[in-house]
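The residues making up each chain are set out below.
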Amino acid sequence: MPTPAAVMKCRLRDLEARATELHERIAVLQREAEQVEEQVTRWRIGGEIFEEVEQELREGRAGGQVGGADDTAAGPEAAGAGEAAEAGSRYVPQWSEGADPARLPGLYAEIVSIVSDADGPVRVADVVRALFGEGAGRSRQEGARAQLKRLVERCWLASEDGRAFTAVSR
């Protein structure tokens, strides 16, 4: 039969081993937490920079030039980009006489082309099928709906009910 002292020593060794194990796990978790905190800091800084640039664009004072070149030196094809920056908060510029839909950013140019080439009113699902094929999901539809509505707001397209979109006759 073990003595009380032997049982106590055995329990003490078990508790010390458990404490060591927990301290090692804490050290691993602290290293993980530091790595995640570094990522959080990077994302916060990125978000702040994004907000600053977005504010500059809204105010029409986009600072800094890529490559240090003057926009006017790039030729007539750069004029549309300058107009978009002058418009402030508009990444998709307001339609104006002589505006070229091919100069619209992202998928906007393709969307205007699809709607313009259609024989009649076009629905969101039609645009999504033309852009992404039959397997396009709900998120693609919602994104296209937002883009179509933005094009209507900026007078590139027309819609009476927000569901069917047509080219603007000019």
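### Some details on the sheet that holds strand β3 (residues 164–167)
- Read from one edge to the other, the open sheet built from three strands follows the order β1-β3-β2, with strand pairing classed as antiparallel. Edge positions in the sheet fall to β1 (122–123) and β2 (157–158), since each of these pairs with one other strand and no more.

### Focus on helix α4 (residues 124–132)
- Along α4, the residues classified as buried are Val-124, Val-127, Val-128 and Leu-131. Along the axis of α4, the buried positions cluster into a sector of 100°, meaning they face one direction only.
- Taken together, the buried residues of α4 touch α3 (108–117), β1, α5 (138–153) and β3.
- The positive-phi residue at the C-terminal boundary of α4 is Gly-133, with phi of around 90°.

### Overview of the nonpolar core
- In terms of nonpolar packing, the biggest core is built from 18 residues, with Leu-104, Ile-111, Val-115, Val-127, Leu-148, Leu-151 and Leu-157 touching the most fellow members.
- Listing elements by their share of this core, those giving two or more residues are α3, α4 and α5.
- Counting residues per element, this core draws most heavily on α3, which supplies five residues.

### Here we look at the environment of Glu-153
- Following the sequence through the fold, Glu-153 ends up in helix α5.
- Sequence separation between Glu-153 and Val-92 is 61 residues, and the spatial gap between their C-alpha atoms is 9.8 Å.

### A closer look at the pairing of β3
- For β1 and β3, the ladder comprises two bridges, and the chain directions are antiparallel. Bridging from a neighbouring strand, Val-122 pairs with Phe-165 of β3.
- Sheet analysis places β2 next to β3, joined by two bridges and oriented antiparallel. Directly across from Ala-158, in β3, lies its bridge partner Thr-166.

### Some words on the pattern of salt bridges
- What the rule picks out here adds up to five salt bridges.
- Arg-145 is paired through a salt bridge with Glu-142; the nearest N and O atoms lie 3.5 Å apart. Within this pair, Arg-145 and its partner Glu-142 are both found in helix α5, separated by three residues, close to a single helical turn.
- Here the residues in one salt-bridge network are Asp-126, Arg-129 and Glu-134, joined through shared partners.

### Comments concerning α3
- Of all the positions in α3, only Tyr-108, Ala-109, Ile-111, Val-112 and Val-115 are classed as buried. Across the axial projection of α3, the buried residues extend over an arc of 160°, all falling on one side.
- Where α3 is buried, its residues meet β1, α4, α5, β2 and β3.

Reading the values: rules and limits
Residues numbered from 1 in each chain as written. Predicted model: local features only at pLDDT ≥ 70, side-chain atom pairs only at ≥ 80, totals over all residues. Heavy atoms only, no water. Pairing = 2+ DSSP bridges. Helix = DSSP H or I, 4+ residues; strand = E, 2+ residues; numbered from the N terminus. Buried < 20%, exposed > 50% of the residue type's maximum accessible area, 1.4 Å probe, protein only. Arc of directions from axis to C-beta. Contact = heavy atoms within 4.5 Å. Core = buried A, V, L, I, M, F, W, Y, C linked by side-chain atoms within 4.5 Å. Salt bridge = Lys/Arg side-chain N within 4 Å of Asp/Glu carboxyl O.

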